[in-house]
Amino acid sequence: MSFRRFLAILRARNKEFWRDRAALSWNFIFPIMIIGGFAIAFSGDGPDLYKVGITDAENSQKLHFEETQYIQFIPVTDLPTAITKVERHQLDMLVSPSTQQFWINETSPAGYMLERLLKGSDDGFKRQAVTGQGIRYVDWLISGILAMNLMFSALFGVGFVIVRYRKNGMLKRLKATPVTAFEFIAAQVISRMWLLLSVSILVFILTDLALDFRMYGSYLDLLIVFILGAICLISLGLLIAARLASEELAGGLLNAISWPMMFLSGVWFSLEGVNPWLVKLAQLLPLTHVIDGARAIMIDGAGLVDILPNLMVLVVMTAIFLIIGAYTFRWE
Amino acid sequence: MPPFLQVDNLARYYQGVKAVDGISFTIERGRCFGLLGPNGAGKTTTVEMLEGINEPSRGSILYQGKPLGRRFKDEAGIMFQTTALQDYITVRETLEMFQQMYPRTIPLADLIESCSLDEFLDRDTRKLSGGQRQRLLLAIALVNDPEVIFLDEPTTGLDPQARRNFWELVQSIKKRGKTIVLTTHYMEEAYVLCDDIIIMDHGRIIAQGTPEALLAKHFGDVVLQLPKSDFPADSSQLKALEKGDLVEILSNDVNQTIHQLIELDISLTGLRIRPRTLEDLFLALTGRELRA
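Residues numbered from 1 in each chain as written. Chains lettered and ligands numbered in written order. Predicted model: local features only at pLDDT ≥ 70, side-chain atom pairs only at ≥ 80, totals over all residues.

Some points on the overall build of chain A
Heads up, the rule is: Per the convention used, a helix needs a DSSP run of H or I reaching at least four residues, while a strand needs a run of E reaching at least two, with both numbered from the N terminus. Neighbour counting defines burial: a residue surrounded by 20 or more other C-beta atoms within 10 Å of its own C-beta is buried, one with 12 or fewer is exposed, and intermediate counts give partly exposed, using backbone-placed C-beta atoms. What counts as a contact here is a pair of residues whose C-beta atoms, placed from the backbone, lie within 7 Å.
Of the regular secondary structure elements, chain A holds 12 helices and 5 strands. For chain A, the C-alpha atoms occupy an extent of roughly 85 × 40 × 35 Å along the three principal directions. Out of the 332 residues in chain A, the part that is buried amounts to 42%. Taking the intrachain contacts of chain A between residues at least 6 apart in sequence as the baseline, contacts between residues at least 24 apart amount to 77%.

Laid out in structure tokens, this is it:
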């Protein structure tokens, strides 16, 4: 490994990124457009369905209240977590039949309605009030959009570009120099990561100025999740590009991977309640772990320890992608 | 002292096709060595094996007595037939990038001067003309002050003026004592530049030697050319070949042939005499036109 050769390729690649204005501006404009669009589209009231958490649901007698239509009853196990959800308007009400208590958010009109309904059907419940700002869809969406942008930019910006370099003979020219495959790949990864993180940070700051996202965790932790995610997705791009020489095939393959990943990893909607088989499948996708980790930090105030499983999965996947990618890499 | 580059029984097969089929030759230090032949003869496959880009199916290549390795990579300069360069960077930046890849390099100023890159040094590499691009690719091949320079059909697609400029560049490299390995399908190019040549066809060597020796060995005659309009149709005692607007007469004794022409009362105003060329040699060896 020669640091000088690595830097030579890194510098040239960075110059190409920053000088290709069209591609660069698209990298910024695309996520901002999506977030802006959704912020406007979902700025009104949320869906009309009420969500009520029930603690200890299996061991207690069913309430009359639970027979009410148009209310979604969700069994919860951890009381403090469920209370936090009420604070953030993710649950409109929390009921504990065993202790005869219920929690509502003072600032939530839905809570007021549900309190009247509960009192009408069951007696003797003690009111517990919490306060807190609601989590809007955009607060939830921002992690997903940034991660999705990361994915497209990593897969196409690295995978597709390397296939193009191979097809047009640039890789062959480098093969004729003392540059090693490792130096070349490392330069591609670092230069793309630098771009991805700059874009993500700038997009986050710009949209945050306009929308003031809820952020309950640490910005540093969020950055770490995105760094690990970026490396993992770039490695996946490298793996796909390891030996393909057809841009068409590479494009098809990249689309075949990125589109399902976009839908299954929970960019747009939560996978809670969908087919458990799909949930399991989603766990195999690196993007799921980036988004889960980022959302846990932003919305639940999780620390790195809390999302350690997600981080571990990303590290292991990165290692697997890089090892197979480096092993199968071809200059021609 | 071992030969500079020694090739023994080299072969390369692609899915049953014998691209190169067991060839052997030696390249001496400081010479310009030419691989000639039509498209598909196996020139590029051969030169890419010499460059260490392509793995031989069989046979050996020794560089100064040792298999191609790290030292060879540092000491070889390569110009491929087609090479894409990194987009959005200038000629100067491209040279700087390649310079940083080698332990030993020549100063950028020397490179710029010797390859005449001055006028387009700060131009994006996508905006170069064919001749400018070839000069840049040659400069890249020279960036590490190589001992041996491989040029794979360097002037294909260039106009005659750009081609002659390029030949001058190659000759100046030769003067500095560098070894050059050149492939071409232009026989004139080989004749101007090369000290030794091999002629390839269908993956095999069909002739090898210095251009002069090859021509002397195969031809003892010269060619007399006359405009077809000056030449009577019924002159059967002269062996004449039609070639476009010209007729060509092969002659071992020019005096006698001219004598015959005068006797036949043919105008000698348009007469030209040319020596036999490698083009003729290829035709004689294979029975085919080279560019066909």
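Past the structure itself, the notes keep going.
A look at the interface of chain A and chain B
The test is simple: When residues are grouped by polarity, Ala, Val, Leu, Ile, Met, Phe, Trp, Tyr, Cys and Pro land in nonpolar, Asp, Glu, Lys and Arg in charged, and all others, Gly among them, in polar.
Taken together, the contacts link 18 residues of chain A with 20 residues of chain B. Secondary structure elements with two or more residues in the side of chain A that touches chain B: helix H1 (3–19) and helix H6 (170–175) of chain A. In terms of residues, the side of chain A that touches chain B owes the most to one element, H1 of chain A, which gives 7 residues. Of the residues contributing to the side of chain A that touches chain B, the split by class is 6 nonpolar, 3 polar and 9 charged.

Side note on the sheet that holds strand E4 (residues 58–63) of chain B
All names here are of chain B. As a reminder, the rule being used: When DSSP locates at least two bridges between a pair of strands, those strands are taken to pair. What counts as an axis is a line fitted to C-alpha atoms, over the stretch in contact for a helix, and the angles between N-to-C directions run from 0 to 180 degrees.
The strand order across the open sheet built from 4 strands is E2-E1-E4-E5, with neighbouring strands paired in antiparallel fashion. Both outer strands of the open sheet, strand E2 (17–27) and strand E5 (66–67), are each paired with one neighbouring strand and no more. As defined by bridge partners, strand E1 (residues 5–14) adjoins E2 across 8 bridges and the pair is classed as antiparallel. Bridge pairing links Leu5 to Ile27 in E2. Its contacts with the sheet place helix H1 (residues 43–50) against E1, E2 and E4, and it is angled at close to 125 degrees to E1.

Brief notes about the packing of helix H5 (residues 137–168) of chain A against helix H11 (residues 286–300) of chain A
Residues and elements named next belong to chain A. This is how it is decided: Handedness of a crossing follows from how the near helix is turned relative to the far one, being left-handed for an anticlockwise turn of less than a right angle and right-handed for a clockwise one.
It is at 9 Å that the axes of H5 and H11 come closest, and there the two elements cross at 145 degrees. Remark: the crossing between H5 and H11 carries right-handed chirality. Contacts from Asp139, Trp140, Ser143, Gly144, Ala147 and Met151 in H5 reach Leu287, Val290, Ile291, Ala294, Arg295, Met298 and Ile299 in H11.

Some words on the domain arrangement of chain A
To keep things clear, this is the line we draw: Here the limits of each domain have been adopted from an automatic or database domain assignment.
Here chain A is described as being made up of domain 1 (3–41 + 136–328) and domain 2 (50–130). Relative to domain 2 of chain A, the C-alpha centre of domain 1 of chain A lies at a distance of 39 Å.

Here we look at the sheet that holds strand E1 (residues 50–55) of chain A
Residues and elements named next belong to chain A. With mixed pairing, the 5 strands of this open sheet are ordered in space as E2-E1-E3-E4-E5. Sheet topology places strand E2 (71–76) and strand E5 (126–130) at the edges, where each strand pairs with a single neighbour. Neighbour to neighbour, the strand axes of the sheet diverge by 25 degrees on average, direction disregarded. Together, E1, strand E3 (93–96) and strand E4 (101–105) form the strand contacts of helix H4 (residues 109–121), whose direction differs from that of E4 by roughly 155 degrees.

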